[in-house]
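This is what each chain is made of:
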Amino acid sequence: MNENAVYVKTEAGEEAVSKRTIVQRNLRSILIMIDGRTPVGNLAQQFGDPLIVEGLVGELEHRGLVRRIDAPPQGEEADRAELSSMLVDIEDLVSQPITPVSDDIRRAHEKASAKESPVLDEFAMALPELAAPAPANSPAPAAALSAADDVRGAIRRAMMSASPDAAAAERSGGGLQRLFDLFAGRVGDRKGPPGSLGKKIVLAAAVLLVLLVGLFFLYPYQRHLPHFESLATELLGQPVRIASVSPSLFPEPSIALEGVTVGGPGQLEIGAVKLLPRVSTLLSERTVLRDVRIERAALNLSFLPALSRRQDINWASRWVTVEHVSMVDASIVLLDGAIGALGGDLALDENGVLTRLSLASADGGLKLQGNNAGGVWSVSMTALGWQTPGKPSLLFDVLEARGTLNSRRLQFDKLDVKLYDGYATGSVALDFADVARFEGQLQTSRLGLGSLLRVFAPTLLLTGDLSMSLSLTGEGRSFEELQKSLRATGTVGVQRGQIERVDLVQAVRIPRPGGVRGGSTRFDRLDANAVIDAGGVSLSQMVMESGLVGANGTLRLADDTLRGRLDVTLQGSATTVRAPVSIEGPYADPVVKLLR
């Protein structure tokens, strides 16, 4: 067959596609792919086997369902098109009972038997019970057409007149009424209790059900694993590997693809994908999956843009339509950290491109939303009463974050948080690379310092309303490395505060050789420049004011230990006392010592 030949569907071919009269899957697939533009060679490359494609195209041409564009339909091709139309009429009428009326059809066939009309011989061979005699020689073409009409008319008369009683029953109550009559024991004019026929039907149904269940579990699904991998790879535009294929009963009967990996290692790993098709479409040219249930998936957030990249052409979406995709017990991975126990759904467009992702925690406290627009995702994150994973763990009363995600960067331009009786706003961004880089700006207002320190330094008894303005930077190949390198610089301020176990006034007025332990110091305001890193907090140019008491200096909080030097000022009615003091010791028992 010429690889450059181009075929187009005939009217009979279009009718066969719309009415789904071709059951054989490969033949149906090639018929759908023939569009009047694609050469046979290209069809063979897409299908994967040139010899099979050549045979299938030849079969379609022989049936009159396709024709070459440079060979207009005439003669035998017209007869085949007429035959295909007649076969469609026959399939529309097969639900009617047919009685032995072959004589009428044979007479019509004898009249139509001609060398110029081999299509009628092919039709006679398709009906074994209508064994036609050998064709006669040289009737006129007009007679052949008339004879074809005779054959069709004979078949129609046979089917419409085969069962007058059935037709009457159809008019009076329809097929459903006849079924009710059958189970009620009424056949024809006889009425009575259910008989042996009903029992046989019930028994046959039970046997059929057992056979179907046995077939469902015993069928060798593993033989289709390469086909599933190829179809999924084409649909997603990423390499897909599947460990096994098996039947599953829960939460409902389905086919389970287990041990699925999409893309490279660590990009998307799925415990099981359960396919739930619409049974009525299993033999059609396009299989419809009413639900694809994804269980125990771990999706690396940086892989999402690549997973949703639009393909130039996607043949898989022609054979499969996915109506809904649900996710159960999913995890979103960022570097080597993860937010797990999420559930939700995602959406694919008609070309198999991922367009929407919606996930939430089981209690609804955390919600993640994403919408794909041309390869750039608009992402949002909302939380109510949500506690961050890992340690230390923060409790967010309310969190709202909105931003964008592409293949190189995750950025939240708007970040609003309510936590520990205060507020925080800002923006953060993470660049994806071999070494991830983090940056951000954060402003806080009136955070409950005592509640916050119970998370980070539970033995440090310092209270007040905390306000900060910080610039954040960090980098690392893993989440742990990023945490260790995270650094915040800026200013901090505490209003209406108190520090327990540190008594600056007592240390100046009544100094002791070993220093002063216990007591407390109240202050109205404390301001300082701050550097915060994994090692601790460093406060420089610190100024503390509290009425007649003031102090300035430096302080370091690290490894559960206070270390610092302050110049304390005590104002009296007549004099002002200034004295340097040192603070050193664990948070639970620091020592304030006067320096001379």
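Residues numbered from 1 in each chain as written. Predicted model: local features only at pLDDT ≥ 70, side-chain atom pairs only at ≥ 80, totals over all residues. Heavy atoms only, no water.

*Asks:* What's the story with the pairing of strand S16 (residues 436–448) in this structure? I'm lost.
*Replies:* For a regular strand, side chains alternate in direction, first toward one face of the sheet and then toward the other. Here strand S15 (residues 422–431) pairs with S16 via nine bridges, running antiparallel. Residue pairing in the sheet places Gly426 in a bridge with Leu442 of S16. Taken together, S15 and the strand that follows it, S16, pair antiparallel across an intervening segment of four residues. Strand direction decides the pairing type here: S16 and strand S17 (residues 462–476), joined by eleven bridges, are antiparallel. Residue pairing in the sheet places Gln441 in a bridge with Ser471 of S17. (Pairing = 2+ DSSP bridges. Helix = DSSP H or I, 4+ residues; strand = E, 2+ residues; numbered from the N terminus.)

*Asks:* What am I meant to see in unusual backbone geometry here?
*Replies:* Excluding glycine, most residues fall at negative phi; most peptide bonds, likewise, are trans. One non-glycine residue with positive phi stands out, namely Leu335, at about 55°. Its location among the elements puts Leu335 in the loop between strand S8 (325–334) and strand S9 (337–348). According to the relative accessible area criterion, Leu335 is partly exposed, its value standing at 23%. (Buried < 20%, exposed > 50% of the residue type's maximum accessible area, 1.4 Å probe, protein only.)

*Asks:* It is not clear to me how the packing of aromatic side chains should be interpreted in this structure. Could you clarify?
*Replies:* Two numbers describe a pair of aromatic rings. These are the distance of the centres and the angle of the planes. Enumeration according to the criterion identifies one aromatic pair in this entry. Ring plane angle 45° and centroid distance 6.1 Å describe the contact between Trp386 and Phe396, whose orientation is recorded as tilted. With Trp386 in strand S12 (residues 376–387) and Phe396 in strand S13 (residues 395–405), the pair connects residues that are ten residues apart, well separated along the chain. Here Trp386 matches Phe396 in class, with each residue buried. Here the basic side chain of Lys418 rests over the ring of Tyr423, its NZ or CZ set 5.9 Å away from the ring centre. (Phe/Tyr/Trp six-rings, centres within 6.5 Å; stacked < 30°, edge-to-face > 60°. Lys NZ or Arg CZ within 6 Å of the ring centre and 35° of its normal.)

*Asks:* Explain the side chain of Thr38 to me, please; I cannot follow it from the model alone.
*Replies:* Among the structural elements, Thr38 can be located in the loop between helix H2 (25–33) and helix H3 (40–47). For Thr38, the contacting residues outside a window of four places in its chain are Ala5, Val6, Leu43 and Gln46. (Contact = heavy atoms within 4.5 Å.)

*Asks:* Honestly, a nonpolar patch on the surface in this entry has me stumped. Any pointers?
*Replies:* A cluster of nonpolar side chains, Leu203, Val207 and Leu211, forms an exposed patch at the surface whose accessible area comes to about 300 Å². By the element assignment, Leu211 lies in helix H11 (residues 196–218). (Patch = residues over 30% accessible without salt bridge, like charges linked within 9 Å, V, L, I, M, F, W, Y side chains within 5 Å. Areas by Shrake-Rupley, 256 points an atom, 1.4 Å probe, with all protein chains shown as cover. Salt bridge = Lys/Arg side-chain N within 4 Å of Asp/Glu carboxyl O.)

*Asks:* I would appreciate a short explanation of the environment of Glu234 in the present structure.
*Replies:* Mapped onto the fold, Glu234 is located in helix H12 (residues 225–236). When the C-alpha positions of Glu234 and Gly352 are compared, they lie 8.9 Å apart, and in sequence the two are 118 residues distant.

*Asks:* Can you help me understand the packing of H3 against helix H4 (residues 50–62) in this one?
*Replies:* Think of two packed helices as two axes; the pair is described by the angle between the axes and how far apart they sit. Running from N to C, H3 and H4 cross one another at 125°; their axes reach a closest spacing of 8 Å. With respect to their mutual orientation, H3 and H4 come out oblique. When the axes of H3 and H4 are compared, the crossing they make is right-handed. In this structure, H3 uses Val40, Leu43, Ala44 and Phe47 to contact H4, whose residues at the interface are Pro50, Ile52, Val53 and Leu56. Residue composition of the contact of H3 with H4, grouped by class: eight nonpolar, no polar and no charged. (Axes fitted to C-alpha atoms, helices over the stretch in contact; angles between N-to-C directions. Parallel < 35°, antiparallel > 145°, perpendicular 65-115°, else oblique. Left-handed = near helix turned anticlockwise from the far one by under 90°. Nonpolar A, V, L, I, M, F, W, Y, C, P; charged D, E, K, R; others polar.)

*Asks:* Whenever I open this one, helix H1 (residues 11–19) confuses me. Can you help?
*Replies:* Given 3.6 residues per helical turn, the α-helix brings residues three or four places apart onto the same face. The complete set of buried residues in H1 reads Ala12, Gly13 and Ala16. For H1, the buried positions fall inside an angular range of 100° around the axis, keeping them on one side. Projecting away from the buried face of H1 at angles above 90 degrees are the exposed residues Glu11 and Ser18. Of the residues trailing H1, Arg20 is marked for its positive phi of about 55°. (Arc of directions from axis to C-beta.)

*Asks:* Before we go on, may I ask you to explain the confidence of the model for the protein in this structure?
*Replies:* Low pLDDT marks regions whose predicted coordinates should not be analysed in detail. Of all residues in the protein, 76% attain a pLDDT of 70 or more, and the chain-wide mean is 79. Confidence drops under a pLDDT of 50 for residues 72–76, and excluding neighbours within four residues, the segment shows two contacts in the predicted structure. (pLDDT = per-residue confidence, 0-100.)

*Asks:* Please explain the pairing of strand S4 (residues 254–262) as it appears in this structure.
*Replies:* Here strand S3 (residues 240–248) pairs with S4 via eight bridges, running antiparallel. Its bridge partner lying in S4, Ile242 is registered against Val260. Joining the antiparallel neighbours S3 and S4 is a turn of five residues. With seven bridges joining them, S4 and strand S5 (residues 268–277) adopt antiparallel strand pairing. Within S5, the residue paired with Glu258 across the bridge is Ala272.

*Asks:* In this structure, what is going on with the packing of H2 against H3? I would like to understand it.
*Replies:* Look at H2 against H3: their axes get within 11 Å of each other, and the N-to-C directions meet at 130°. As judged from the angle between their axes, H2 and H3 are oblique. Judged by the sense of rotation from one axis to the other, the crossing of H2 with H3 is right-handed. Of the residues in H3, those in contact with Asn26, Ser29, Ile30 and Met33 of H2 are Leu43, Gln46 and Phe47. When its residues are assigned to classes, the contact of H2 with H3 shows four nonpolar, three polar and no charged.

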